[in-house]
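# Close look at the chain arrangement
The residues making up each chain are set out below.
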Amino acid sequence: MAAWDPSAATGTTVSDTTSGYGPALTLSGGASLDGTGVVLDGTDDAATAPGPLVDDTGSFTATTAVQLDSAALAAKPVGYVGQVLGQRSADGSAWGLWYELTGTDTDPETDSTVPVGYWHFGRLNTDGSFTGVVSDYAADLGSAVRLTGVFDAQSGTVSLYVGDAQNGDATAYTAAVGTGDFAVGKAYVNSAWGHYLPATVSDIRVWAGAMASQEQIIETVGD
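The text that follows walks through the structure, step by step, so that each part is easy to find.

Definitions and limits used
- Residues numbered from 1 in each chain as written.
- Predicted model: local features only at pLDDT ≥ 70, side-chain atom pairs only at ≥ 80, totals over all residues.
- Heavy atoms only, no water.
- Helix = DSSP H or I, 4+ residues; strand = E, 2+ residues; numbered from the N terminus.
- Pairing = 2+ DSSP bridges.
- Salt bridge = Lys/Arg side-chain N within 4 Å of Asp/Glu carboxyl O.
- Phe/Tyr/Trp six-rings, centres within 6.5 Å; stacked < 30°, edge-to-face > 60°.
- Buried < 20%, exposed > 50% of the residue type's maximum accessible area, 1.4 Å probe, protein only.
- Lys NZ or Arg CZ within 6 Å of the ring centre and 35° of its normal.

With that settled, consider unusual backbone geometry. Cis geometry is adopted by the peptide bond preceding Pro-52, which originates at Gly-51 and carries an omega value of 10°. Within the fold, Pro-52 resides in the loop between β6 (46–49) and β7 (60–68). At Ser-191, a residue that is not glycine, the phi angle is positive and equals roughly 65°. Among the secondary structure elements, Ser-191 is positioned in the loop between β16 (187–189) and β17 (192–194).

Here we come to the sheet that holds strand β3 (residues 25–28). One open sheet accounts for eight strands, arranged β2-β3-β6-β15-β8-β9-β10-β11; its pairing is antiparallel. The outermost strands of the open sheet, each flanked by one partner alone, are β2 (13–14) and β11 (130–134). Here three bridges tie strand β8 (residues 81–88) to strand β15 (residues 182–184), and the two strands are oriented antiparallel to one another. By the bridge assignment for β15, Gly-86 is matched with Ala-183.

With that out of the way, let us pick up the pattern of salt bridges. All chains considered together, the criterion is met by two salt bridges. We note a salt bridge from Asp-203 to Arg-146, for which the minimum N-O separation is 2.5 Å. Residue Asp-203 is found in strand β18 (residues 198–208), and its partner Arg-146 is found in strand β12 (residues 145–152); the two are separated by 57 residues along the sequence. Here Asp-203 and Arg-205 are joined by a salt bridge, their closest N and O atoms 2.9 Å apart. Connected via shared salt-bridge partners are Arg-146, Asp-203 and Arg-205.

Turning our attention to the packing of aromatic side chains. Aromatic rings in a pair are described by how distant their centres are and how their planes are angled relative to each other. A full pass over the atoms with the stated rule returns 10 aromatic pairs. Consider the rings of Trp-95 and Phe-182, whose centres lie 6.3 Å apart with planes at 50°: the pair is tilted. In this pair, Trp-95 sits in strand β9 (residues 93–106) while Phe-182 sits in strand β15, placing the two residues 87 residues apart along the sequence. Accessibility classification places Trp-95 together with Phe-182 in one group, the buried group. Considering the side-chain rings of Tyr-99 and Trp-119, the 5.6 Å spacing of their centres and the 70° angle between planes classify their relative orientation as edge-to-face. Of the two residues, Tyr-99 is situated in strand β9 and Trp-119 in strand β10 (residues 113–124); the sequence distance between them amounts to 20 residues. For the pair formed by Tyr-99 and Trp-119, the shared burial category is buried. One Lys or Arg, Arg-88, reaches over the ring of Tyr-188 and ends 3.6 Å from the middle of that ring. Positioned above the aromatic ring of Trp-193 is the side chain of Lys-186, whose terminal nitrogen or guanidinium carbon lies 4.2 Å from the ring centre.

Everything listed here is a matter of coordinates, which is why it stays silent on function.
What follows is the structure, encoded as C-alpha cells:
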C-alpha cells in the first residue's frame, strides 16, 4: 500500500517513493528528519498521511523500525502509552503499534532512571486497555527495533513480531473501521489526538495481506 523511507527525505514531507501508491507523510509539531528517520519529541511531534490508508476489515501487515528516546520516556509517568504508528477510527484508534511504559529501573553504572515498557499491536481502547498482543520482553532502549504487526482477517487474529521473532500467540481481534489519518508518533483516542511518542521512526511500510510466516517476514520485511 505504501512505503516511506525518511532517510532519503528532506524538508517537512516524506514521500512514498518505493511503492508509489501512498500519500506523503507530513511532519507537524516540530518533528524533523535526521537522515535516518523521523525524530519525534513525545510532546506534539508527529507525521500524518490522509486516510484511511488501510482497509482494516481486510488482512494487512505494517512494519517500521523505532529507536526510543530513553531520557524522554524516563520523564513520562508509569502507565504512559505512545503510538509508533497506526490508523484512527471515528472516535479513537482503529489499530496501531504502541509502546506502554510499565515501570522504571535504575542503571547501576550511571544511577539514572531507566524506563521499562512493552510493545503492543492492536487497539488502545478508550478506557486505556488494549485489545491485541503484547511483546514477550521489555522494549530494547539501546538500538532501533524492527516491529511488524499482522492482521489476518480470515482467522480474525493479530500477531506481533519483534525483529523476526513472533512474540506471544496470535490473538483474537475484531477489526474497527478506520475513517481517518494514518499517523506516526501520535494516536487518536477518545475523540482527541494524543499519545505522542518520543522516538526516531524509520522505514515505514504497509502491505495489503497478512504475512503468512516468520520465513516470509524475514524475506520480505528484512531486519
